[in-house]
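# Close look at the chain arrangement
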Amino acid sequence: MGKSDLVERKNDHLDIVLDAKRALASTDSGFAGVRFRHCALPELNLDDIDLSTAFLGRKLSLPLLVSSMTGGAARAVGINRHLAEAAQHMGIALAIGSQRVALETGADQGLTRELRGYAPDVPLLANLGAAQLSEAKGLEAARRAVDMIEADALIVHLNPLQEAVQGGGDRNWQDVLRSIEDAASHMPVPLVVKEVGAGISADVARQLVEAGVAVIDVAGAGGTSWAAVEAERAKNATDRAVALAFADWGIPTMTALADVRAALPHTPVIASGGIRNGVDVAKAIRLGADLAGQAAAVLHCATQSTEAVIEHFDIVGKQLRVACFCTGSANLEALRRAPLLSLPSAAAAAERWT
């Protein structure tokens, strides 16, 4: 695929995801079925609640990750700068979008060490597709991706469904696990593996951790559907029909989170995919997530300004703080033990985790 084709694809993705009605999965994340038992007597000072945590050896003020969004389009320069500056201000982690265009064409689109200058104190995660990692020079590309932004970790994203329904997508997914295992053994930073909206099952998560992966981002169904995105990009009716059939495909985020946490009680887990607000973040933490990630929810703000992104995450943080307050949770560890109402979905998920 040529440079112009890659850039056009990234621009198409931005346009479609910015119009949520064109990209939203028809599957619910599952968090709507979870309710905390309200505590009418919290015996806490709201302002004293501690939302801090640690990730990749760095302290975070909030258990949040700006999930991978964009790389390759010219407007990504401003988007990534706004995200990096906001992540530094808010004390949250930042995962950048795919670095494939930058690695293959030399058009870095703001994905340079300058990004680390904007966010010197927070975790930065580089990003490479599993299909690219499996290529002959995949390990070299992975090292370049990390060095390009002085990253604390490398995200390898799994997107077999998207590639299968995408015109010109990567069809050969043989030996991907072996490539991941090789990278885990030779990379100077930890590996994070994430899906892009169809979820990671407990069995796959176990395989990844056994291969040396340090962190799992379940990235389940309930947010952006990349099958729906590719349906919007399809050049003919046949390709559109094939892609649209999978708009509701995937493991709902809550289910993936509960299953992976139960299978891997000691592995750091990120919950992303349909995390709408700070209440969803609280639910994800309660069900076993170490961090919660947002991408599409903040993309529009990222096209505007750093201040808009800061305002977005300030609201999410305040919502999370109120959720802690109204469950009597003084910190995130207490939130992980907060009682849930006995709704079937919530009870089942909590039972798997606890």
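Residues numbered from 1 in each chain as written. Predicted model: local features only at pLDDT ≥ 70, side-chain atom pairs only at ≥ 80, totals over all residues. Heavy atoms only, no water.

An unreviewed UniProt entry lists the protein under the name Isopentenyl-diphosphate delta-isomerase, from Halopseudomonas xinjiangensis. Turning to the protein, the UniProt annotation filed under Sequence similarities (unreviewed entry) states: "Belongs to the IPP isomerase type 2 family." Comment text from UniProt for the protein, heading Subcellular location (unreviewed entry), reads "Cytoplasm". (UniProt positions renumbered as here; feature names shortened; annotations may be inferred.)

It is worth spelling out the environment of Ala84 at this point. Here Ala84 is to be found in helix α3 (residues 76-90). Given a relative accessible area of 0%, Ala84 falls into the buried group. Residues Ala84 and Gly117, 33 residues apart in the sequence, show an inter-C-alpha distance of 8.9 Å. Sequence-distant contacts of Ala84, defined by excluding residues within four places in its chain, comprise Leu94, Leu115, Tyr118 and Ala119. (Helix = DSSP H or I, 4+ residues; strand = E, 2+ residues; numbered from the N terminus. Buried < 20%, exposed > 50% of the residue type's maximum accessible area, 1.4 Å probe, protein only. Contact = heavy atoms within 4.5 Å.)

Quick look at the UniProt feature "binding site: Mg(2+)" (unreviewed entry) in the protein now. The positions UniProt marks with the feature "binding site: Mg(2+)" (unreviewed entry) are Glu163. Within the secondary structure, Glu163 sits in helix α8 (residues 160-165).

Pairs of packed helices are described in terms of their axes, by the angle between the two and the distance that separates them. Closest axis-to-axis distance for the helix α14 (residues 278-286)/helix α16 (residues 306-325) pair is 7 Å, and the angle between their directions is 55°. Taken together, the axes of α14 and α16 lie oblique to each other. Crossing of α14 against α16: the hand is right-handed. Contact residues: α14 offers Gly278, Val279, Val281 and Ala282, while α16 offers Val316, Gln319, Leu320 and Ala323. Classifying every residue of the contact of α14 with α16 gives 6 nonpolar, 2 polar and no charged. (Axes fitted to C-alpha atoms, helices over the stretch in contact; angles between N-to-C directions. Parallel < 35°, antiparallel > 145°, perpendicular 65-115°, else oblique. Left-handed = near helix turned anticlockwise from the far one by under 90°. Nonpolar A, V, L, I, M, F, W, Y, C, P; charged D, E, K, R; others polar.)

Scanning all chains against the criterion turns up 1 cavity of 30 Å³ or more. Here the largest cavity defines a volume of roughly 100 Å³. Lining of the largest cavity is provided by 15 residues; of these, Leu161, Gly197, Ala198, Trp226 and Ala227 occupy positions nearest its centre. Where the lining of the largest cavity is concerned, the elements lending two or more residues are α8 and α11 (226-233). (1 Å grid on protein atoms, 1.4 Å probe; cavity = no way out; pocket = protein on both sides within 12 Å on 5 of 7 lines; lining within 4 Å. Points joined across faces, edges and corners; volume = space filled by probe spheres on them.)

Our focus in this paragraph is the nonpolar core. Judged by nonpolar contacts, the single largest core of 85 residues is most densely connected at Leu83, Leu154, Ile180, Met187, Leu257 and Leu335. The element best represented in this core is α16, accounting for 8 residues. Excluding anything up to four places from it in sequence, Leu335 contacts Phe36, Ala282, Ile285, Arg286, Leu320, Cys324, Thr327 and Ser329. Membership of the second largest hydrophobic core comes to 12 residues, among which are Leu60, Ala93, Ala153 and Leu291. (Core = buried A, V, L, I, M, F, W, Y, C linked by side-chain atoms within 4.5 Å.)

Taken together, 8 strands build a closed barrel; the order of strands is β3-β4-β5-β6-β7-β8-β9-β10 and the barrel is parallel. Averaged over all pairs of adjacent strands, the angle between their axes in this sheet comes to 25°, without regard to strand direction. The strands touched by helix α9 (residues 176-186) are β6 (153-158) and β7 (191-195); relative to β7, the strand with the most contacts, the crossing angle is about 150°. (Pairing = 2+ DSSP bridges.)

A separate point is the pairing of strand β9 (residues 269-272). Of the two faces of β9, the one carrying Val269 and Ala271 and the one carrying Ile270 and Ser272 are both buried. Pairing geometry for β9 and strand β10 (residues 291-294), over 3 bridges, is parallel. Considered in β10, the bridge of Ser272 is made with Gly293. For the segment spanning β9, α14 and β10, crossover handedness is right-handed. (Right-handed = clockwise from strand over helix to strand, strands pointing away.)

The full count for this structure, using the stated rule, is 14 salt bridges. For Arg100, the salt bridge goes to Asp170, with nearest N and O atoms at 3.8 Å. Taken together, the residues span a long stretch of sequence, with Arg100 in helix α4 (residues 100-105) and Asp170 in the loop between α8 and α9 at a distance of 70 residues. Here Glu333 makes a salt bridge to Arg336, at a shortest N to O gap of 3.6 Å. One network of salt bridges, with partners in common, ties together Arg58, Arg116 and Asp152. (Salt bridge = Lys/Arg side-chain N within 4 Å of Asp/Glu carboxyl O.)

Turning our eyes to something else, we now look at the state of the cysteines. Under the definition given, this model contains 0 disulfides. Free cysteine: Cys39, not disulfide-bonded; nearest cysteine sulfur from Cys326 at 8.3 Å. Classification of Cys39 by relative accessible area gives partly exposed; the value is 24%. (Disulfide = S-S within 2.5 Å.)

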